[in-house]
Amino acid sequence: MNREAERRRKRWVSLAWVLFTSAFLIGTVRADEAGSPAAEPGSGSGTDGTADSGQGVGQAPIGGSGKAKQSGWAGIVQQTEPEKKKVQKQNGDVQMQEVTVSGESEWTSPDLTSGEPNAPILPTTAPVVSTFGTPMNVMDTPRQITPVNQTLLRASGALYQGYMDPLSISSILPTAYTELNWGMGDSVTIRGRQALPYVNGIEMTLQNDGMQGVPFSWNMVENMDIQEGPANAVFGATQASTGSVNYITKQPYFDKFRGRVWDTTGMYSQYLWGADIGGPVDKEGKLAWRFSYMGQDQGSYYDYVYNDQQNFYFTVGWKPYDNYSANLYADYGMYNFQPELADLMNRPTNNLIQNGLYSTGVVPGFPGSMYQGGPATGSALNPAYNTYAGPLTPINRRSTIISPYGGGNANNAFVQLVQTVKVNDDLEIVNNSFLWYTKTEWLEPELYAMQYTPGDYEFDNRTEVRWTFDPLASEPEKPKTKEEKGLENVFGKLLLKSSVDTGIEWHYQYNDDYFSETAWSYGNSYSLVNPMNPALTNPALFYLPGTKQFNSYLSNPKAAAGGLWHVPGAPANYFYEPLNGASGSTFGQYWSVAPFWQHNLQITDKFALYFGVRGTAYFWDYTTPEGPAGMPQIMGVTNAALNTSSFAPLINISPTYKPFDWMTAYFNYNWSYVNNVAVIGGAAPTFNEASFHLLNQLIEGGVKFNLLNDKLFITAAGFTQDQELNNLGLPPTPAVITGYEVNIAYQPNRNWWVRAGYIDMHGIENWSALAHGPSMRQDYSTSMAYYNMYALNTNVGLPSGLYNMIGFPEQYASATITYTSDMGLGGTLQGILMSNQYLDYFGSASIPTQYILNAQIFYVQPKWEARLYIYNFTNNNYWMPFGLGSAGSRAFDESSIIAGWPFWVEGNVVFKF
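Residues numbered from 1 in each chain as written. Predicted model: local features only at pLDDT ≥ 70, side-chain atom pairs only at ≥ 80, totals over all residues. Heavy atoms only, no water.

**Description of empty space enclosed by the protein**
Counted as a void, the largest cavity has a volume near 480 Å³. Together, 38 residues line the largest cavity, and Gln161, Tyr163, Asp165, Pro166 and Trp901 are the ones closest to its centre. Those elements that provide at least two residues to the lining of the largest cavity are strand S34 (825-834), strand S37 (850-860) and strand S40 (897-899). For the lining of the largest cavity, the class distribution of residues is 21 nonpolar, 15 polar and 2 charged. (1 Å grid on protein atoms, 1.4 Å probe; cavity = no way out; pocket = protein on both sides within 12 Å on 5 of 7 lines; lining within 4 Å. Points joined across faces, edges and corners; volume = space filled by probe spheres on them. Helix = DSSP H or I, 4+ residues; strand = E, 2+ residues; numbered from the N terminus. Nonpolar A, V, L, I, M, F, W, Y, C, P; charged D, E, K, R; others polar.)

**With respect to the pairing of strand S28 (residues 694-707)**
The pairing of strand S27 (residues 663-674) with S28 spans 12 bridges and is classified as antiparallel. Paired with Ala665 across the bridge in S28 is Val703. With 11 bridges connecting them, S28 and strand S29 (residues 712-725) associate as antiparallel partners. Paired with Leu707 across the two strands is Leu712, which belongs to S29. As consecutive antiparallel partners, S28 and S29 are separated by 4 residues, and within that stretch Leu708 has a phi angle of approximately 55°, a positive value. (Pairing = 2+ DSSP bridges.)

**What to know about unusual backbone geometry**
Unlike most non-glycine residues, Asn181 shows phi in positive territory, near 55°. Its location among the elements puts Asn181 in the loop between helix H2 (150-156) and strand S5 (189-190). Asn181 gets classed as buried once you look at its relative accessible area, which sits at 5%. One non-glycine residue with positive phi stands out, namely Leu496, at about 55°. Inspection of the secondary structure puts Leu496 in strand S21 (residues 494-516). (Buried < 20%, exposed > 50% of the residue type's maximum accessible area, 1.4 Å probe, protein only.)

**So, the sheet that holds strand S4 (residues 145-148)**
Taken in spatial order, the 5 strands line up as S4-S9-S10-S7-S8 in an open sheet, and their pairing is mixed. Edge positions in the sheet fall to S4 and strand S8 (202-203), since each has one partner strand and no second. Here 4 bridges tie strand S7 (residues 196-199) to strand S10 (residues 243-249), and the two strands are oriented parallel to one another. Residue pairing for S10: Val199 is matched across the bridge by Tyr247.

**Remarks on the environment of Pro655**
When you line up the elements, Pro655 lands in strand S26 (residues 641-660). Along the chain, Pro655 and Pro142 lie 513 residues apart, while their C-alpha atoms are 7.6 Å from each other. In this structure Pro655 touches Ala608, Leu609, Ala665, Tyr666 and Phe667, once residues within four positions along its chain are discounted. (Contact = heavy atoms within 4.5 Å.)

**Remarks on the nonpolar core**
Counting 141 residues, the largest nonpolar core has Leu153, Leu167, Ile169, Trp218, Met224, Ile226 and Met450 as its most contacted members. Top element by residues in this core is strand S19 (residues 427-444). It accounts for 5 residues. Setting aside chain neighbours within four positions, we find Leu153 in contact with Val148, Ala158, Leu159, Ile169, Trp218, Val221, Glu222 and Met224. With 11 residues, the next largest nonpolar core counts Trp620, Tyr622, Ala684 and Phe692 among its residues. (Core = buried A, V, L, I, M, F, W, Y, C linked by side-chain atoms within 4.5 Å.)

**Things to note about the pairing of strand S13 (residues 287-298)**
As paired elements, strand S12 (residues 270-280) and S13 share 11 bridges and run antiparallel to each other. Bridging from a neighbouring strand, Trp273 pairs with Gly295 of S13. Between S12 and the antiparallel strand that follows it, S13, lie 6 residues; Gly285 among them carries a positive phi value of about 70°. Pairing analysis gives 12 bridges linking S13 to strand S14 (residues 307-321), with the strands arranged antiparallel. When the bridges of S14 are listed, Asp297 appears paired with Asp308.

**Topic: the environment of Lys319**
Residue position: Lys319 is located in strand S14. The sequence separation of Lys319 and Glu284 amounts to 35 residues, and the corresponding C-alpha distance is 9.8 Å.

**A short note on the side chain of Ser187**
Checked against the element boundaries, Ser187 lands in the loop between H2 and S5. Look at Ser187 and you get buried, because its relative accessible area is 1%. There is a polar contact of 2.4 Å between the side chain of Ser187 and the backbone oxygen of Ala195. Beyond its immediate chain neighbours, meaning those up to four positions away, Ser187 contacts Met164, Thr178, Gln194, Ala195, Pro197, Gly210, Val245 and Tyr247. (Polar contact = N/O pair within 3.5 Å; in protein donor to acceptor, adjacent residues only side chain to side chain.)

**What to know about the pattern of salt bridges**
Pairing between side chains of opposite charge can happen when their charged atoms approach one another. Throughout the structure, instances matching the rule amount to 22 salt bridges. In this structure, Lys658 engages Asp140 in a salt bridge whose closest nitrogen and oxygen atoms are separated by 3.3 Å. Of the two residues, Lys658 is situated in strand S26 and Asp140 in the loop between strand S3 (98-100) and S4; the sequence distance between them amounts to 518 residues. Residue classification places Lys658 among the buried positions, given a relative accessible area of 17%. Using a relative accessible area of 27% as the deciding quantity, one classes Asp140 as partly exposed. Residue Glu865 pairs with Arg867 through a salt bridge whose shortest N-O separation is 3.0 Å. According to the relative accessible area criterion, Glu865 is buried, its value standing at 0%. (Salt bridge = Lys/Arg side-chain N within 4 Å of Asp/Glu carboxyl O.)

**Things to note about the confidence of the model for the protein**
The share of residues in the protein with pLDDT of 70 or more is 85%, and the mean pLDDT across the chain is 85. Across residues 1-103, confidence stays below pLDDT 50; counting only partners more than four residues off in sequence or on other chains, it has 242 contacts. Predicted confidence for residues 372-378 stays below pLDDT 50, and this span has 21 contacts to residues more than four positions away or in other chains. (pLDDT = per-residue confidence, 0-100.)

In structure tokens:
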């Protein structure tokens, strides 16, 4: 697929950042309080005082009043709290009126706006958040949760990247610094590992560590709720994670017919376009629909990388009765893309990172012989790098080791039906059914990595019974003694009110996955620059099939992992290994069934206790997949099988204390077992009992503040999370990440808003119980290989012991500030600051402290809008590791590095009707 490149421990830093942010916020707050009355939120999000998108924002949580109050922004609705005092007109504040909400969605993260830059962005403007079972207010949820609406998504630029890019979401939440994940990720990284993705509350299990095998589609996403730490008892978790993200998909338009068409064009052949339309079907507003389309024809800054997509989304909402509603969601996508596996720029060294100088040199015999030792990594016959190393040479940052003969195609689809029956004010039943399908094939001949999935699918059904019990509601008010009043002031009024979410979830998944990773360690054999013989840097030569070493694997049952065999039904040059370990060629299915109970007990109006339990029974049946006709049966390889059952418990306990309406303190303990998974989320036939009992434990304490009449939201937390690393081809290893974070959101009026945050975290991998330590695709840097006469492409493993995690900055800070004038003209400024990032366990190669600055200029009118995104406007040469923290892809950090994009511009135009 030949396409043209244009188509395709620094604490002073953190202290300075915190002081700067605090000074700005304090100065702004004092100016707002002491000066003349500020222009408060008006009656509309458009310049004419009308909201562009007036759809409802969902049903009130069970036990609520079914009503909501409207804030100063039109179309923006937040949950009414019966105990909360009515807002007074004061300092120019707008009186908030109660309005009835017509619900269309199970959860209503932030308001369903069309992304106006001056719409509410505070977490407290979200009526409820979706990640804790029963929908809850963010102040009451005992976790660090960030609701992300369309306004924040557009400010970050995430919607216009066409994949899950590393930096966009981190500009509004620093813990969300995301790994590249081969360009095929389906969720952000949270606290150094990929978050588990959920769609309207149901986990997507056809993925491994947030990698689903195709690029991501933002076309279906209305909002998302990001939760730090593993999921609770209602949602459950199949795999290890340090966070979760629940995508709330686009909702039907019940209020009136509306739509928009848009186009995005940017440098480096970035072309995206789309349309969104929908409205009510009947005058009574009982039936409504919405359709969204997005097309992409994207090149890349990097050579030979591209991403073409066609995505279609459709939803129907039906409310035939007051006590019954149903929502149908469907999505289909077609993908043609070049994976960004571990084949961007190779041979990362400090000279490359700091001076732009690349370590040259071609292994003897290239390209017919990649190196003397053959395909087995770590061979003693591999020549030392300094025997053939060339001079250090400047290199184009766009260079990659990608072969133009690779690429991929895929089809993805899902259908989901959510039904709600409200029996009475204290009881409702919710049924959520979800079907996901994927068909994928991609090939990377330069490393020989291949995936062929002729058709995998999963089906999930969860039935929830939600009820409330308020035994003291009818108790008459009794006179209290002075002592009782004193106790009540501290501990609160006795309530003993319970909200319970209980039920059962069952799941079925089918896998037919062919995978190959035999030659992944060849990455550092290629020289992207070769002054002595430029012809040997032709990317057409970066092609392993046909080489002496590769041919020695073909149809050879005595080779490692059973050799390489052609995948039945696949195109030419698609070869798989029958038994390649945890990364997994596998065929089979599993069932699971999980009863759960989540109990939220409001002991007093100040004290609450949230506790939940879940027990998931799994039934696994997997074998090696069928080989080509005539393939011999290899004992212990082609007939490997896994037929077993396992049980994974989950417990979460979270007390909260709310001494004031504007403050909540919480503690959270979450303990569970999760599973190791193969490349697309099933089980590999090589798994053993320990593979299904991986510890995932979170201990966290935090505080939340909602200040200045709902204008300033501050949250802080300290945490420690124990997990086990599902290493490719190796036993899982224990690891722990500890840290603390602070996040601030401030929106004094409809003209200004600010989000800023800081996280400090440190991870340790414990390899003491194993005979060896972590195995990188190359165990040391290229420069270290040169000075010590080591061979490249080793992957032999380090000594056992404790190791600091690599591949993520221990400190990360970001801030986004937006100003919108009353006439609709405005701008956004973003800053990201990260400390150094080590690329190997010796500390011999690292990315130093660096920053990225982005800007946006926009002009928004009721019927159209235009935005200009200016990325990296200082043209800073920044770098990123391939794998972060506890992600399995950290194994590539010594052989792959990502050159950050330079200054580039992207424009977006929207027409609304």
